[in-house]
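The primary structure of each chain is shown beneath.
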Amino acid sequence: MINKLLTQLKKLRHKLNQHIKKLSNPRYLQRNKTFNFLLSVTIGVIVTTLGITTDWATTGTRTLTHNTIGSENLRIQNNTEIPTLTHKISSINNTIGSERLWGQNNTEIPTLTHKISPISNSIGSENLRVQNNTETPALNYKTSWIGNTIGSGNLRVQNNIEAMYVAPDGTVYTNSHWDEAAMEAGIYKDGKVIAALGDTHGWSRGGGKAVTANSKYVYIAMTQGSRGDTKEDYPPEGTTWYSVRRYDLSGKPAPFPNGRGWDKSMLITSTKSEVTGLATVGSELYVSDFAASRIRVYDTETMKELRSFTVANPGAITIDPQKNLWIIQSKNGSKPAKILHYSQSGKQLPQQIADIVEPTAIAINHQGKLLVAENGPRQQMLTYDIKDRPVQVSSFGSKGGIYAGVPGEVRDLKLYGLTGVGTDASGNIYINSNGFNKSGTDLRKFSPSGKLMWRSLGLIFVDNADADPKTDGVDLFTKQEHYLMDYSKAAGKQWIYKAYTLNAFKYPQDPRLHTSPDGTFVRRIQGKPFLFLTDMYNSFLQIYRFNPATDGKVAIPAGMFVGTNGADKPFITGNWPPHQPEQGEWIWRDRNGNGKFEKNEYDRSKDYPHLGGWWVDSKGDVWKALRTEDGIRHYPLQGIDPKGNPIYSYSSMEKQTTPKIFNDLRRIEYFPETDSMFLSGFTVDRPAFGDDAGVAGSEIARFDNWSKGNRTPKWRIVIPYDSTGKREVSTAAISVAGDYVFAVTVKTAEVYVYNAKTGAQVQQLKPGPEVGSESGWIDIPYGIRAFRRSNGEHLVFVEENWKGKVIMYRLAG
């Protein structure tokens, strides 16, 4: 092995020497000294790169290796936790002697970090230092997470559960339209995820809203779209198959004669609308074909259609002890929902249930009673005796659900957004709450007496967290959830799900029910707590207030900013919000405190349509970056009105000039305590390649004495950015807190840490083993949020929607 390695080194030395002769000017190259240095580096590279692989969709943490070479104390980092900022495609240079070595991050060649400082790049005429070296010892950090019961591995709690079936032995089978990590359909047992149904994701396919099982197979509703011209069995262009797919009980597709799809396990039931209900009895499978208003009956083995019968707007199905069907008839316009009773042959029986508001799921318990998930204001599971005329005999869960008692406060028996109910042969009760507007999975098992036995949470999807400054990070908020933290506990065990902050019944116009926010700012303004939310496209800024006396833990809609639609039409399409201006941009303030958008509550204006980012400073002032010259907008807080809403207006808005170094401003963070402005974007020296609107730019710059008009940066740092059009390296988001500036990359989810005073890079963070050393891409402009605690510890929250959580790094103070 050693002889083979030496032979390879001799060959490499020869090739390296040839390259040096071609690329180097002898006047500036001390051949022997530099060559020996390069050779030492190369040896370290060969030794440390064995076994390194790269996956652009995820990133892994490797072992930190330090090697001292000669007197330069050069650290060789094998995809370590502190690689340098150098990226081949972003033209960042490390100067060693008189040569320039290109460092490639996330390749099979590890990056190099050295202490020959400072590194200087000339930018315009200012000759400011662009610092991408490590000037200080690396910071100690640990990885943790919030929002998902399971923090790592392929099996974790899925994003949403939209349908659920409970087998007699307590196995729970689930289905949903989409899960980012391809777990649309899961199998749960004893509070653990034991399997996922395979091949539900990608290739134009997804899950659905119905699932059932018998002693041999699992059946799920699914969709299959076209894939163009392929040799395998896919729908023609412009057609979607709405199908039932069959699996064995381990989660593997179970093909059948004349089955469709690439593996012959799909039964096409419609090309017009999805399957909305599934149930089995004996050798028959019952399928709700919503578009055709029919129940179709198939043989569970051959999957051949046996018969069908008419049911208007059929939904979920369950089978009673007499082998008759109970079917949810969905609401249709002004006609309310009902639960209907049919024989196996399709004859409608006289019994029905009409005293319900929004039934979303049904099941038969071990005693033969009918369970109904009532997703209306009651937020309960209702139990009906169905031996004769159906009579409600009991209810389960607190009446009013999550809004009972202290509204929003999480308790064992407080349900919210019910999507699944069921029982096992022992009478244990299983209920899934999905929240409203698909907030996330909350799957619970109760004993027959109502005691909570286990709970599986998957609360995060395209979201990030922020800390309440008043409680020193003990209280964390995401767009809909409130967590209570105990930092003395082990990773992943530090968070408690404290409250659900959305009230869909009291505030039906809450923007969170009509949009998809994903970035949270928590602010204390005049001592009062507020939430500010924006979205993946920076298209709005939503404002929420709290009033514990009237609304408990619920965040009350208080205001909203939107940008200018360049097409001279309303910024938000559809029927929400009512009364919005027909063009331009607007600020809404809930003047009467009822949480509704009313005609006299809009302030109107018109501006440049392309937004770069939002910021809310510690005083409550709002800042907006536009991607143009004179693109900074400052909305000073004008006070808090009698209803508790912060006041902003276009008449008090200040237009401020974008510093000349930027030609495309993307992010803005201002700190009034130090009068310091941090901006990121693309610069004149490092312009954008194309128009990737979701990234943070190519540089971050700090400006002191901002309010006094200073526009000369204290420092500038180059961050990973795309200069090839392939977007393999780009920075998604930045955050400034305490002593550091943090930046996170899109595809590798690596966090670069810079000294806020000098701009020098001091660390690079990667997901640790606590989260499986992996992360998905960063999809949102505020995919990183940092907070400095009073003990000097920095908390860094990073979006991780791939496996449904928020990653939390803890940097020791």
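Caption draft 1: Local environment of the sheet that holds strand β53 (residues 784-788). Taken together, the 4 strands give an open sheet; going across it, the order is β5-β55-β54-β53, and neighbouring strands pair in antiparallel fashion. In this open sheet, the two edge strands, each paired with only one partner strand, are β5 (141-146) and β53. If you compare each strand with its neighbour and ignore which way they point, the axes differ by 20° on average.

Caption draft 2: The pairing of strand β43 (residues 632-635), seen in detail. Alternating residues of β43 divide into Ile632 and His634 and Arg633 and Tyr635, and every residue in both groups is buried. Here strand β42 (residues 622-626) pairs with β43 via 4 bridges, running antiparallel. Its bridge partner being in β43, Ala625 is matched across the sheet by Ile632. With 3 bridges joining them, β43 and strand β44 (residues 654-656) adopt antiparallel strand pairing. The residue bridging Arg633 from the neighbouring strand is Lys655, located in β44.

Caption draft 3: Spatial organisation of unusual backbone geometry. Each neighbour pair has its own omega, and for Trp576 with Pro577 the value is -10°, a cis peptide bond. One can find Pro577 in the loop between β38 (555-562) and β39 (585-589). Positive phi, normally seen in glycine, also occurs at Asp190, with a value near 55°. Checked against the element boundaries, Asp190 lands in the loop between β8 (186-189) and β9 (192-196). A positive phi angle is found at Gln379, which is not glycine, with a value near 55°. When you line up the elements, Gln379 lands in the loop between β24 (370-374) and β25 (380-385). Owing to a relative accessible area of 0%, Gln379 belongs among the buried residues under this scheme.

Caption draft 4: Seen up close, the nonpolar core. Core analysis: the biggest nonpolar cluster contains 53 residues, and Tyr497, Phe742, Val751, Val753, Val798, Tyr809 and Leu811 have the highest contact counts within it. For Tyr497, the residues in contact, after removing those within four places along its chain, are Val410, Tyr416, Asp442, Arg455, Leu457, Leu459, Glu481, His482 and Tyr483.

Caption draft 5: Geometry of the sheet that holds β25. On the basis of which strands lie adjacent, the open sheet formed by 4 strands has the order β23-β24-β25-β26 and antiparallel pairing. Strand pairing shows two members of the sheet lacking a second neighbour, β23 (359-364) and β26 (391-396), which therefore form its edges. Strand-to-strand, the axes of this sheet are offset by a mean angle of 25°, without reference to chain direction. Judged from the 5 bridges that link them, β25 and β26 form a sheet pairing that is antiparallel. Looking at β26, one finds that Tyr384 is bridged to Gln392.

Caption draft 6: Local environment of the packing of aromatic side chains. Going through the model one piece at a time under the given rule, you end up with 28 aromatic pairs. Where Tyr635 meets Tyr650, the ring centres are 6.1 Å apart and the plane angle is 70°; that geometry is what we call edge-to-face. Residue Tyr635 is located in strand β43, and its partner Tyr650 is located in the loop between β43 and β44; the two are separated by 15 residues in the primary sequence. Across this residue pair, the class does not change: Tyr635 and Tyr650 are buried.

What counts and how
- Residues numbered from 1 in each chain as written.
- Predicted model: local features only at pLDDT ≥ 70, side-chain atom pairs only at ≥ 80, totals over all residues.
- Heavy atoms only, no water.
- Pairing = 2+ DSSP bridges.
- Helix = DSSP H or I, 4+ residues; strand = E, 2+ residues; numbered from the N terminus.
- Axes fitted to C-alpha atoms, helices over the stretch in contact; angles between N-to-C directions.
- Buried < 20%, exposed > 50% of the residue type's maximum accessible area, 1.4 Å probe, protein only.
- Core = buried A, V, L, I, M, F, W, Y, C linked by side-chain atoms within 4.5 Å.
- Contact = heavy atoms within 4.5 Å.
- Phe/Tyr/Trp six-rings, centres within 6.5 Å; stacked < 30°, edge-to-face > 60°.

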